[in-house]
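# Report on the structure
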Amino acid sequence: SLGRPQDALALLDMNVETGFFEREDFRAHKYDLCLYKGMALERLSRWHEALEWLEKAHAMYPDEASAPDQDMLQHYRWAEIEILFNKARCMYGLNKYDEALDLSKRAYDLATGDTKTVALVYMANTLVMQRRYSEALKLYIEIQGMPPCRSVGADQLQEGISRCLDYLGKSNSQSKPS
């Protein structure tokens, strides 16, 4: 189902319909099921449904204290960031950029390593959509100075920088008297 969210959704729905995951000893599996269903719906641009399933996952383990053991705690730390990123993309798709920015900042606060870099890119891209080009440019430049990240291409950063510079150049030339 990799790269095929519609197929993934069909498989996830079949699993949900069995009712098997309602057992308490399958709580962690149901958590993943809710997360993956939210992710598949997000990939299909079904924003509201995705948010509903992502929230169901989050409600099952709302914080680190809710994880029953070290294995689940480690899984929670990964999954919570995925939930935040997917919710941010949903808000982005719904043109709710303030919410998307807040979710991206929350992901950044929880993240480490390359995932922190990805969260910064989400923040910069959202700032662009809010027309906050100076702030976005600062973030893109900060990211550019960080160690390389497999998930963030140099061309992606250069595109963001160019977009900000183009806009800032246009706005500066329009504000100068002729």
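To be clear, the structure that these remarks concern was listed above.
These figures come from a predicted structure and were not determined experimentally.

## Some points on the overall build of the chain
Within the chain, the secondary structure is distributed over eight helices and zero strands. Each helix (α) and strand (β) of the chain, taken in turn from the N terminus, gives the series α-α-α-α-α-α-α-α. Principal axes of the C-alpha set define a box for the chain whose edges measure 70 × 30 × 25 Å. Within the span of the chain, comprising 178 residues, buried residues form 41% of the whole. Within the chain, contacts between residues at least 6 apart in sequence are counted, and of these 56% link residues at least 24 apart. Of the roughly 10400 Å² that the chain leaves accessible, carbon and sulfur atoms contribute 52%. Each charge class in the chain can be summarised by its mean position, and for the 22 positive and 27 negative side chains these summaries are 6 Å apart.

## Examining the packing of aromatic side chains
Across all of its chains, the model carries seven aromatic pairs by this definition. Each residue in the set F20, F21 and F26 is aromatic and connected to the rest through ring pairs, giving one cluster. Against the face of W53 rests K56, its NZ or CZ located 3.8 Å from the ring centre.

## Let's talk about the packing of helix α2 (residues 27–43) against helix α4 (residues 70–93)
Contact geometry for α2 and α4: axes closest at 10 Å, N-to-C directions at 25°. It follows that α2 is roughly parallel to α4 by the angle criterion. For the pair α2 and α4, the sense of crossing is left-handed. Contacts from A28, Y31, D32, L35, Y36, M39, E42 and R43 in α2 reach M72, H75, Y76, W78, A79, E80, E82, I83, N86, R89 and C90 in α4. Counted by class, the contact of α2 with α4 contains 11 nonpolar, two polar and six charged residues.

Reading guide: rules and limits
Throughout this document, residue positions are counted from 1 along each chain, in the order its sequence is written. For this predicted model, a pLDDT threshold of at least 70 governs which residues receive local features, and a threshold of 80 or more governs which side-chain atom pairs are given and counted, while totals over whole chains, interfaces and linings are taken from all residues. Remark: hydrogens and water are excluded; side-chain values derive from all non-hydrogen atoms of the structure. Secondary structure elements are defined from DSSP: runs of H or I of at least 4 residues count as helices, runs of E of at least 2 residues count as strands, and each element is numbered from the N terminus. Here the term buried applies to any residue with accessible area under 20% of the maximum for its type, exposed to any over 50%, and partly exposed to those in between, with areas from a 1.4 Å probe on protein chains only. The contact criterion used throughout is that any non-hydrogen atoms of two residues lie within 4.5 Å. Under the convention used here, a 1.4 Å probe and the Shrake-Rupley method define accessible areas, while residue burial counts only the protein chains that appear. Just so you know, the count uses Lys and Arg for positive and Asp and Glu for negative, and it drops His and the chain ends. To locate a charge, the coordinates of NZ of Lys, CZ of Arg, CG of Asp or CD of Glu are taken. We call Phe, Tyr and Trp rings a pair once their centres come within 6.5 Å, taking the six-membered ring for Trp, and we label the pair stacked below 30 degrees between planes, edge-to-face above 60, and tilted otherwise. The rule for a charge over a ring is simple: NZ of Lys or CZ of Arg within 6 Å of the ring centre, and within 35 degrees of the ring normal. The angle between two axes is taken between their N-to-C directions and runs from 0 to 180 degrees, where each axis is a line fitted to C-alpha atoms and a helix contributes only its stretch in contact. When an angle is under 35 degrees it counts as roughly parallel; over 145 it counts as roughly antiparallel; between 65 and 115 it counts as roughly perpendicular; any other value is oblique. Here a crossing is called left-handed whenever its near helix is offset anticlockwise from the far helix by less than a right angle, and right-handed whenever the offset is clockwise. Classification used: nonpolar for Ala, Val, Leu, Ile, Met, Phe, Trp, Tyr, Cys and Pro, charged for Asp, Glu, Lys and Arg, polar for all others including Gly.

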